[in-house]
Structure formats: C-alpha cells, structure tokens
Amino acid sequence: AWPNISPADRELTLTLEPAAPINGRIVTHTGVPLPDAAVAVANRTTTTTAEGRFEIDGLGEGEVVIEADHPEYQSERISLSLSAGKKHDIQLVLKQGGTIVGTVTDGEIPISGAKIAAMNANDPQDHRETISDAKGRFRIAGLSDGEWRLMAASGDQSDTDALYQRAMVETRHETVVDFVFGQT
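Predicted, not measured: the structure shown is a model, and the values here were computed from it. (Residues numbered from 1 in each chain as written. Predicted model: local features only at pLDDT ≥ 70, side-chain atom pairs only at ≥ 80, totals over all residues. Heavy atoms only, no water.)

Novice: Now, about the overall build of the protein: what can you tell me, with residues and values included?
Specialist: Broken down by element type, the protein carries zero helices and 16 strands. Pairs at least 24 residues apart make up 55% of the contacts formed inside the protein by residues separated by at least 6 positions. About 11,300 Å² of surface is accessible on the protein, with carbon and sulfur atoms providing 48% of the total. (Helix = DSSP H or I, 4+ residues; strand = E, 2+ residues; numbered from the N terminus. Contact = heavy atoms within 4.5 Å. Areas by Shrake-Rupley, 256 points an atom, 1.4 Å probe, with all protein chains shown as cover.)

Novice: Go over unusual backbone geometry with me, naming the residues and quoting the values.
Specialist: Positive phi, close to 65 degrees, is recorded for Asp-36, a residue that is not glycine. Along the polypeptide, Asp-36 turns up in the loop between β1 (22-28) and β2 (38-41). For Asp-36, a relative accessible area of 55% gives the class exposed. One non-glycine residue, Ala-42, adopts positive backbone phi at about 55 degrees. Among the structural elements, Ala-42 can be located in the loop between β2 and β3 (44-47). (Buried < 20%, exposed > 50% of the residue type's maximum accessible area, 1.4 Å probe, protein only.)

Novice: Now, about the packing of aromatic side chains: what can you tell me, with residues and values included?
Specialist: The geometry of an aromatic ring pair is captured by two quantities: the separation of the ring centres and the angle between the planes. Counted according to the given criterion, the structure contains one aromatic pair. Taken together, a centroid distance of 6.2 Å and an interplanar angle of 45 degrees make the contact between Phe-138 and Phe-179 tilted. Here Phe-179 lies in strand β16 (residues 179-181) and Phe-138 lies in strand β12 (residues 137-143), a separation of 41 residues in the sequence. (Phe/Tyr/Trp six-rings, centres within 6.5 Å; stacked < 30°, edge-to-face > 60°.)

Novice: Before we move on, can you summarise the sheet that holds strand β7 (residues 88-94) with the specific residues and values?
Specialist: Here three strands make up an open sheet; going across it, the order is β4-β1-β7 and the pairing mixed. Edge positions in the open sheet fall to β4 (53-56) and β7, since each of these has one partner strand only. Between one strand and the next, the sheet's axes are offset by a mean angle of 25 degrees, whatever the strand orientation. Pairing geometry for β1 and β4, over four bridges, is antiparallel. Across the sheet, residue Ile-22 finds its bridge partner in β4, namely Ile-56. (Pairing = 2+ DSSP bridges. Axes fitted to C-alpha atoms, helices over the stretch in contact; angles between N-to-C directions.)

Novice: Explain the sheet that holds strand β6 (residues 73-82) residue by residue, including any values.
Specialist: Read across the sheet, four strands follow the order β3-β2-β5-β6 without closing on themselves; strand pairing throughout is antiparallel. This sheet does not close on itself; its edge strands, each paired only once, are β3 and β6. Neighbour-to-neighbour, the strand axes of the sheet open up by a mean angle of 15 degrees, direction not taken into account. Here β2 pairs with strand β5 (residues 62-70) via four bridges, running antiparallel. Bridging from a neighbouring strand, Val-39 pairs with Ala-68 of β5.

Novice: Lay out the pairing of β5 with the relevant residues and their values.
Specialist: Two faces make up the sheet, and in a regular strand the side chains alternate between them. Here β5 pairs with β6 via eight bridges, running antiparallel. Residue pairing across strands places Val-65 opposite Ser-79, the latter belonging to β6.

See the structure below:
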C-alpha cells in the first residue's frame, strides 16, 4: 500500500532492494537456438529472440521456477535460487517430443473450431490445447512420452458433451486420434 503523505511532510525515504535479473538462452536438444519460446518466471513472461535469448528483470531475491514452452518441443521447468544484486545466466534445453494429429467430425462432416485438449496422464500440469482447422484437422506437438488424455468439444457443445480418448505418445512419432461426434 502507498503511504499517506500530507502536505506538511517534507521528506520520504524509500529503500530499494537490488534486483536479481535472469539472462538466458533456450536451445533445442541439438544445441540450436530456439526463437519464439515463451519463458515465464513469477508473474513475468517474455519470448525468446531469433538467437533463443531472453532477459527478465525486476525479480527479487529467493527461489523461483522458470518455465520454457514452445509448441514444437517439450516444456522444461527448473528451480533457481536468486541472489539480490547478482546476474543469473542460464540455459534451458528443450527436447523434441511426440505429436498427436487427427480430425474432429460430425459423422463425415469436418468440425471447424473444435477445442482439443491434451493432458499428460502422469503430470496434470503438462497440458496443451488447440483448435481444429476448417477441415476439422488438429495437431498437438512437443508432447512427452507416455499416456495422454484427450478431450474434444465442438463449438456448439459444452464440455459435458465432449468426447474423450487416450493415446500413447512416443518422441519423434505421430499418433493419430480421430473424434467423431454423432455416433451412438
């Protein structure tokens, strides 16, 4: 909260704590810089440059979780202890993942704009969403190996009328999952 300052007050002393900035780089599993990766720390977010670099300023001292996401790669999270006044340089490596592709239809008619959500069965914080295109097709990449739970909801249906499926994902492989509404 801001202090109340009356006109009679002539002096105000503010004490600023030194920041703990983070400079970093996001690369692929082969060491190639990864542009357009989203990086989140505390309540701050940024996107990597063409060289895979990012900078986040204004962080205070203490433990933070840094998360890097890119639609084509597996997300990465690390914890880092920040020290006031010290610059922190890090590098995160994003691994290639598996991909789920498929279609959403009503019988044989493609459904455009259907919401498809995928959640890692072993890590509920690891989830992705996408929307089907004009031909009812969707693609979700950068998924870790293992079982994924999928949900598809067409634009005119609520989540309670959604379709659910499970899929096994493997790195560098495509798994096909089709959702067909209107079947009994």
